[in-house]
Each structure stands twice: as C-alpha cells, then as structure tokens.
Amino acid sequence: MTTYPGSCHCGAISLTLTSEKQPEEMRVGRCACSFCRRHGARTMGDPTGSVEFRSAPDALSRYRFGLGITDYLLCARCGTYVGAVMPEENGAIGIVNVNALDIRDTFDAAPPLHHYDGEDEARRRSRRRKFWMPATVIA
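For clarity, every value in this text was computed on a predicted model and none was experimentally measured.

The rules we used
- Residues numbered from 1 in each chain as written.
- Predicted model: local features only at pLDDT ≥ 70, side-chain atom pairs only at ≥ 80, totals over all residues.
- Heavy atoms only, no water.
- Pairing = 2+ DSSP bridges.
- Helix = DSSP H or I, 4+ residues; strand = E, 2+ residues; numbered from the N terminus.
- Buried < 20%, exposed > 50% of the residue type's maximum accessible area, 1.4 Å probe, protein only.
- Lys, Arg positive; Asp, Glu negative; His and termini not counted.
- Salt bridge = Lys/Arg side-chain N within 4 Å of Asp/Glu carboxyl O.
- Polar contact = N/O pair within 3.5 Å; in protein donor to acceptor, adjacent residues only side chain to side chain.
- Core = buried A, V, L, I, M, F, W, Y, C linked by side-chain atoms within 4.5 Å.
- Contact = heavy atoms within 4.5 Å.

Now for the pairing of strand E11 (residues 133-138). Two elements, strand E5 (residues 50-55) and E11, share four bridges in a ladder whose sense is parallel. Within the sheet, the bridge partner assigned to Glu52 lies in E11 and is Thr136. Alignment of strand E9 (residues 93-97) against E11, held across two bridges, turns out to be antiparallel. Paired with Gly94 across the bridge in E11 is Met133.

Listed below in structure tokens is the structure:
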C-alpha cells in the first residue's frame, strides 16, 4: 500500500489516500452536477484502498444537497472541496477530490464527465459502493 497525502489550500484539512494502485491506474472522473462543476472537481475512489480526512478545529464544513445522503467536505477557511463521505451501516465510504492531493498534476486534467441525473437513493448508493472507498473523518 502507498499513501498519497494532500490538503486544502490553507492546510487546515489534510487527507491521506491509501491505495495499492499507482496514480496512472486510478479511475478519475468528473461529475456533471452543478456543485462539482463549479468546484472543478476531479474525483476518484479505490474500493480496495481508504481515505482519511483530518481537520483543524472548526475548519471542516459539511454540505449536503440533492438526495441529502452525502457530506461534501469543504474547508471553512479557504473553501477548498477535498472530498465526500456517505454514511453506511458498516462505516462511511468516500471519494477524494484529486485536486487536493499533492500528486494532482499526475491525473488527467479533463477526465470523463459523468451524468447521474435521475438516480434514486438506492441506485446511487449501489453505484457508490462499487467505486468509493472506506473513509474516516477526524475533526
């Protein structure tokens, strides 16, 4: 396993992606929703890996929209979108915004754009279980 560090712009939120995959093997995409488009997000998950988000006191802001089942993690100080977590029965799963990783320039600048309009909660959870990874948030 390799660890890939990252952070928000001001450093108040750090993250660590752990994966057996090399960056060129990681599946990166772009969501077409207005939130992700406005943040220029490029996200990825590795079901065999994990991600940990650590926040300084009062630096983590959680935002929910759409189906209201996911916490989008932003820095309350600098506004950077670092990733998202979705609570599940056996613990949270999440994705990382590769723009927040130190190796961000390794990834495709314009990965495929994915449209998830019309998904209901069951279908969205099912899709995410296939591609997202175990996630921990320490605030």
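Additional details are given in the paragraphs that follow.
Quick look at the side chain of Arg42 now. Locating Arg42 in the fold gives a position in the loop between helix H1 (34-39) and strand E4 (43-44). Here Arg42 sits buried without a salt bridge, and the closest side chain of opposite charge, Asp105, lies 5.5 Å off (N-O distance). Among the polar contacts listed, one links the side chain of Arg42 to the side chain of Asn99, at a separation of 2.7 Å. From its side chain, Arg42 meets the backbone oxygen of Phe107 in a polar contact 3.1 Å long.

The next thing to look at is the nonpolar core. Counting residues in hydrophobic clusters, the biggest one holds 24 residues, and the most contacted among them are Leu15, Leu17, Met44, Phe53, Val82, Val96 and Leu101. Secondary-structure elements contributing two or more residues to this core are strand E2 (13-19), E5, strand E7 (71-75), strand E8 (81-86) and E11. The dominant element in this core, judged by the number of residues it contributes, is E2, at three residues. Apart from the residues within four sequence positions on either side, Phe53 is in contact with Ser14, Leu15, Leu73, Val82, Gly83, Ala84, Val85, Ile95, Thr136, Val137 and Ile138.

Looking at the secondary structure, you find Arg127 in helix H2 (residues 121-131). On the basis of relative accessible area, Arg127 is assigned to the buried category, the value being 17%. Leave out the neighbours within four places in its chain, and Arg127 touches Tyr116 and Glu119.

Sheet analysis places strand E1 (residues 2-7) next to E2, joined by six bridges and oriented antiparallel. Residue pairing across strands places Thr2 opposite Ser19, the latter belonging to E2.

Right, let's talk about the pattern of salt bridges for a bit. Under the defined criterion, the tally for this structure stands at nine salt bridges. Of the charged contacts in the structure, one is a salt bridge between Arg125 and Glu121, with a shortest N-O distance of 2.9 Å. With Arg125 and Glu121 both in helix H2 and four residues apart, this pair spans about one turn of that helix. Accessibility expressed as a relative area gives 16% for Arg125, which makes it buried. Exposure remark for Glu121: the relative accessible area of 38% places this residue in the partly exposed category.

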